[in-house]
Amino acid sequence: MGNKGRTSPRIVCCAIPIARAAGKVLVITSRKRPDNWVLPKGGWESSDVVLENAASREALEEAGVRGSITRFVITIPTPAATYHFYELDVVSLEQDWLERNERRREWVDYAEAMRRLEWKKELSQGLRLSSLAPAR
């Protein structure tokens, strides 16, 4: 993907939206690749102040999810971006959200989420290290 003119990798904050009682994760379709599934993620902005706020903002904008960040999962550096993953315990789903006309969203179990995210190594690695992953 490259750095698009940046001298340092982009800071990307990623939410792993979880329905704990059901043991499910919310995945959304990619805008660039509508047949592919992703986790809500996007660039950190200075107005976010802290990385967790960016993960929460992206979850709301991209998936219509409201909730609480409950756990830092991992930071994954790549040449183009540094990904910061956070678990977000979902409290509610908005029916009207910013990107509702550009994405689909679906609750799936851990195994199905891993299958849908395997095309994007960083996303599957972040989910694999989440508390939803089966004990090893």
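Model, not experiment: these values are computed from the prediction.

Quick notes on the overall build of the protein
So, step 1. Scanning the protein for helices and strands turns up three helices and seven strands.
So, step 2. Starting at the N terminus, the α and β elements of the protein follow one another as β-β-β-β-α-β-β-β-α-α.
So, step 3. Taken against the 2.2 N^0.38 rule, which gives 14 Å for 136 residues, the C-alpha radius of gyration of the protein at 14 Å falls within 12% of a compact globule.
So, step 4. If you line up the protein on its principal axes, its C-alpha atoms span 45 × 40 × 30 Å.
So, step 5. For the protein, the residues scored as buried account for 44% of the 136 residues in total.
So, step 6. Look at the contacts in the protein between residues 6 or more apart in sequence, and 65% of them connect residues 24 or more apart.

Structural notes on the pattern of salt bridges
So, step 1. This model, assessed by the stated rule, comprises 17 salt bridges.
So, step 2. A salt bridge links Asp48 to Arg57; its shortest N-O distance comes to 2.8 Å.
So, step 3. Arg57 gets classed as buried once you look at its relative accessible area, which sits at 17%.
So, step 4. Measuring nitrogen to oxygen at the nearest pair gives 2.7 Å for the salt bridge that ties Arg100 to Asp96.
So, step 5. Counted as one network, the salt bridges with shared partners bring together Arg31, Glu62, Glu99, Glu102 and Arg103.

Here we look at unusual backbone geometry
So, step 1. Not every positive phi belongs to a glycine, and Val49 is a case in point at roughly 65 degrees.
So, step 2. By secondary structure assignment, the location of Val49 is in the loop between strand S4 (41-43) and helix H1 (51-63).

Notes on the environment of Thr7
So, step 1. Looking at where Thr7 falls in the secondary structure, it is placed in the segment before strand S1 (10-19).
So, step 2. Taking the C-alpha atoms as reference points, Thr7 and Arg103, 96 residues apart in sequence, are found 31 Å from one another.

Focus on the packing of helix H2 (residues 110-117) against helix H3 (residues 121-128)
So, step 1. Contact geometry for H2 and H3: axes closest at 8 Å, N-to-C directions at 160 degrees. Viewed along their axes, H2 and H3 adopt a mutual orientation that is roughly antiparallel. As for the relative orientation of H2 and H3, their crossing is left-handed in sense. Across from Tyr110, Ala113, Met114 and Leu117 in H2, the residues of H3 making contact are Leu123, Ser124, Leu127 and Arg128.
So, step 2. When grouped by side-chain class, the residues that make up the contact of H2 with H3 number six nonpolar, one polar and one charged.

Details of the side chain of Glu99
So, step 1. The residue Glu99 is located in the loop between strand S6 (81-93) and strand S7 (105-109) in this model.
So, step 2. Note on Glu99: relative accessible area 6%, which makes it buried.
So, step 3. Discounting residues that sit within four places of it in the chain, Glu99 has contacts with Arg31, Glu61 and Glu62.

Thresholds, definitions, all that
Residues numbered from 1 in each chain as written. Predicted model: local features only at pLDDT ≥ 70, side-chain atom pairs only at ≥ 80, totals over all residues. Heavy atoms only, no water. Helix = DSSP H or I, 4+ residues; strand = E, 2+ residues; numbered from the N terminus. Rg over C-alpha atoms; globule rule 2.2 N^0.38 Å. Buried < 20%, exposed > 50% of the residue type's maximum accessible area, 1.4 Å probe, protein only. Contact = heavy atoms within 4.5 Å. Salt bridge = Lys/Arg side-chain N within 4 Å of Asp/Glu carboxyl O. Axes fitted to C-alpha atoms, helices over the stretch in contact; angles between N-to-C directions. Parallel < 35°, antiparallel > 145°, perpendicular 65-115°, else oblique. Left-handed = near helix turned anticlockwise from the far one by under 90°. Nonpolar A, V, L, I, M, F, W, Y, C, P; charged D, E, K, R; others polar.

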